[in-house]
Amino acid sequence: MRKFKILIIGQGSMGKRRVRCLLNLGYTASEIFSFDPREDRVSEVEKLYGIKSFQNFDEALRVVKPEIFIISTPPEKHMKYAYFAAENNISCFIEASVVEADKILDLSKIIKKKNILIVPSCTKKFYPAPMAIKKMVKEKLIGNILNINYQKGQFLPDWHPWENIKDFYVSNPDTGGAREIVPFELVWLNDIFGNPEPLTCVRKKVTDMDAEIEDIYHFVIEYPKGILANITIEVVSRPVDSNYLRILGSEGIIIFDGQNDFIKFSNLKENNWKKIHFENKLDMFNKSETPYINEIKTFLKSVDNKLNNKKVTFPSSLVEDYNTLKCLHKIEEISEGIENLMK
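Just so you know, these numbers come straight off a predicted model, no measurement behind them.

## Focus: the packing of helix H1 (residues 13-24) against helix H8 (residues 290-307)
The N-to-C vectors of H1 and H8 enclose an angle of 70 degrees; their axes lie 9 Å apart at closest approach. Taken as axis vectors, H1 and H8 run roughly perpendicular relative to one another. Two packed elements cross with a definite hand, and for H1 against H8 that hand is right-handed. Where H1 approaches H8, its residues Met 14, Arg 17, Arg 18, Cys 21, Leu 22 and Asn 24 are matched on the opposing element by Tyr 292, Ile 293, Glu 295, Ile 296 and Leu 300. By residue class, the composition of the contact of H1 with H8 is seven nonpolar, one polar and three charged.

This is the structure we're talking about:
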C-alpha cells in the first residue's frame, strides 16, 4: 500500500493521537504534517513528534500539497474542512461529529461522483469488546436478543484534566460532553442491533458542574425485532468511569464489564458463567491506542482501494453518521416534548 502526504487539522488530544497512529504505522516526518491556529500546539507537536506543523492553513496547503486530511478539530469546525476537501479532491477522515447532520448528508451526495473517500470516525467498532459482542450476537450465542441495558460515563473534568472544561468544546450546549457521547456509543450499538426507533428520553443537568450542558441522557430505544434498549449516557461518574452492558436473550445473558475488562456469558448449554478477559482497558478513555491505529490503518487502505477502483472496506459512512445524528435529534425532541408536558 502506498503512503500519502497527510495533513492533520487540529492538534488537541485527538490530533496528537492521530499523529501517533501514523508514526506507529511507519509514516515519517516527510509524510505527516499538522495545522493548528494555536502557537502553543504547533510548538508542542513539533517538539513531541518531530513533524512540521503550521499555524497558517493556506501555508500548510501550499507547502504540503496534502493528499489526505485528518480532521481533528472541535465538532463545529468539521464540515468547514471536509467541504474544502471535497471541493479540492482530497480524501479525509473526520473525528466523531455531533452537529450539522444535514451538511453531513449533503457532503455524502457531493462526493458520490468523485474519486475520493470521506468517512467519519467509528473507533468503537475497532474495540475488542464491541467486536466480540457483535460476533456473539451474530452467532446467536444467547438466542434472540430481547433487552439491552447499558450505562456509559466518566466525570467530564477528567477528560482533559490539564485544562478547564470551559476552555474545551464539551462545555458548549451543542457539543456538550454527554451529547457527544450519545452518537459515539450508538455507532457501535446500531452496528450490532440495527437502526433504532427512539421511544422516550429524559436529559438534564444533575450536577453543579461549571458548564451549561445536560450532563446525563437517559433514553429508551427500540431496535428491529422488538429489541428494547435502556441506555444511560452521562459525564458524572467518578472516581472511576461507568461502563456496563447487559444483554438479555431468549436463551441466555451477555454481560460486558468495562471497568474490570471482561465479557461473561451464560446460556442454556453453559449453566456456569464463561469469561473472556481483555488485556487493555476497553472504554473510550483508555491508554491503549490499538483501536485507533487499526481504524486509521483501515481508512488508509480504503483510500488506496478507492483510488485503484477496489472495494472500500472502511466500516462507516457519512450516511450512517447522518442517521445516527438524526436518532440523537429525535431522542432530544422526545425529551423536549416530555419537559413541555410537565410544565
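Here the narrative resumes, following the displayed structure.
## Section: the environment of Gly 226
If you trace the backbone, Gly 226 turns up in the loop between strand S9 (216-223) and strand S10 (227-234). Along the chain, Gly 226 and Pro 196 lie 30 residues apart, while their C-alpha atoms are 9.7 Å from each other.

## Topic: helix H4 (residues 78-87)
Owing to its 3.6 residues per turn, the α-helix brings residues three or four apart onto one side. Among the 10 residues of H4, seven are classified as buried, and the element is accordingly described as predominantly covered. In the segment just after H4, Asn 89 is the residue with positive phi, at about 55 degrees.

## Points about the confidence of the model for the chain
Summing up the model confidence of the chain, the mean pLDDT is 94 and the portion of residues at 70 or higher is 97%. Contacts from residues 281-286, a stretch scored under 50 in pLDDT, to residues over four places away or in other chains number 25 contacts.

## Quick look at the pattern of salt bridges
The final tally for this structure, using the stated rule, is 22 salt bridges. Arg 2 is the salt-bridge partner of Glu 67, the closest N and O atoms lying 2.2 Å from each other. Here Glu 67, found in the loop between helix H3 (57-64) and strand S4 (68-71), pairs with Arg 2, found in the segment before strand S1 (6-9); they are 65 residues apart in sequence, far enough to count as distant. Residue classification places Glu 67 among the partly exposed residues on the basis of a relative accessible area of 30%. Classification of Arg 2 by relative accessible area gives partly exposed; the value is 39%. The structure contains a network of salt bridges with shared partners spanning Arg 179, Arg 203, Glu 214, Glu 332 and Glu 336.

## Overview of the sheet that holds S1
Read from one edge of the open sheet, six strands run S3-S2-S1-S4-S5-S6, paired in parallel fashion. Every other strand in the sheet has two partners, leaving strand S3 (52-54) and strand S6 (118-120) as the edge strands with one partner each. The average angle at which neighbouring strand axes cross in this sheet is 20 degrees, direction not considered. Across four bridges, the pairing between S1 and strand S2 (residues 32-35) is parallel. When the sheet's bridge partners are listed, Ile 6 is paired in S2 with Ile 32.

## A short note on the side chain of Ser 72
Looking at where Ser 72 falls in the secondary structure, it is placed in the loop between S4 and H4. Reaching out from Ser 72, the side chain makes a polar contact with the side chain of Glu 95 at a distance of 2.8 Å.

## Thoughts on helix H7 (residues 177-193)
Here H7 spans 24 Å end to end across 17 residues, near enough to the 24 Å set by a 1.5 Å rise per residue. Of all the bends found along H7, the most pronounced is centred on Val 187 and spans about 30 degrees. Of all 17 residues making up H7, 16 are buried, and the element is well covered by its neighbours. Once H7 ends, the next one or two residues include Gly 194, with phi positive near 105 degrees.

## Remarks on the sheet that holds strand S11 (residues 242-249)
The strand order across the open sheet formed by eight strands is S8-S9-S10-S7-S11-S12-S13-S14, and the pairing between neighbours is mixed. Looking at strand neighbours, the two that pair on one side only are strand S8 (197-204) and strand S14 (274-277), the edges of this open sheet. Neighbour to neighbour, the strand axes of the sheet diverge by 10 degrees on average, direction disregarded. As defined by bridge partners, S8 adjoins S9 across seven bridges and the pair is classed as antiparallel. Paired with Pro 198 across the strands is Ile 221, a residue of S9. The strands touched by helix H6 (residues 128-138) within the sheet are strand S7 (145-153), S11, strand S12 (252-257), strand S13 (262-267) and S14, with S13 carrying the most contacts at an inclination of about 15 degrees. Each of S8 and S9 touches helix H9 (residues 318-342); the most contacted strand, S8, lies at about 60 degrees to it.

What counts, and at which threshold
Residues numbered from 1 in each chain as written. Predicted model: local features only at pLDDT ≥ 70, side-chain atom pairs only at ≥ 80, totals over all residues. Heavy atoms only, no water. Axes fitted to C-alpha atoms, helices over the stretch in contact; angles between N-to-C directions. Helix = DSSP H or I, 4+ residues; strand = E, 2+ residues; numbered from the N terminus. Parallel < 35°, antiparallel > 145°, perpendicular 65-115°, else oblique. Left-handed = near helix turned anticlockwise from the far one by under 90°. Contact = heavy atoms within 4.5 Å. Nonpolar A, V, L, I, M, F, W, Y, C, P; charged D, E, K, R; others polar. Buried < 20%, exposed > 50% of the residue type's maximum accessible area, 1.4 Å probe, protein only. pLDDT = per-residue confidence, 0-100. Salt bridge = Lys/Arg side-chain N within 4 Å of Asp/Glu carboxyl O. Pairing = 2+ DSSP bridges. Polar contact = N/O pair within 3.5 Å; in protein donor to acceptor, adjacent residues only side chain to side chain. Expected span 1.5 Å × (residues − 1). Bend = angle between axes of the 7 residues up to and from the residue.

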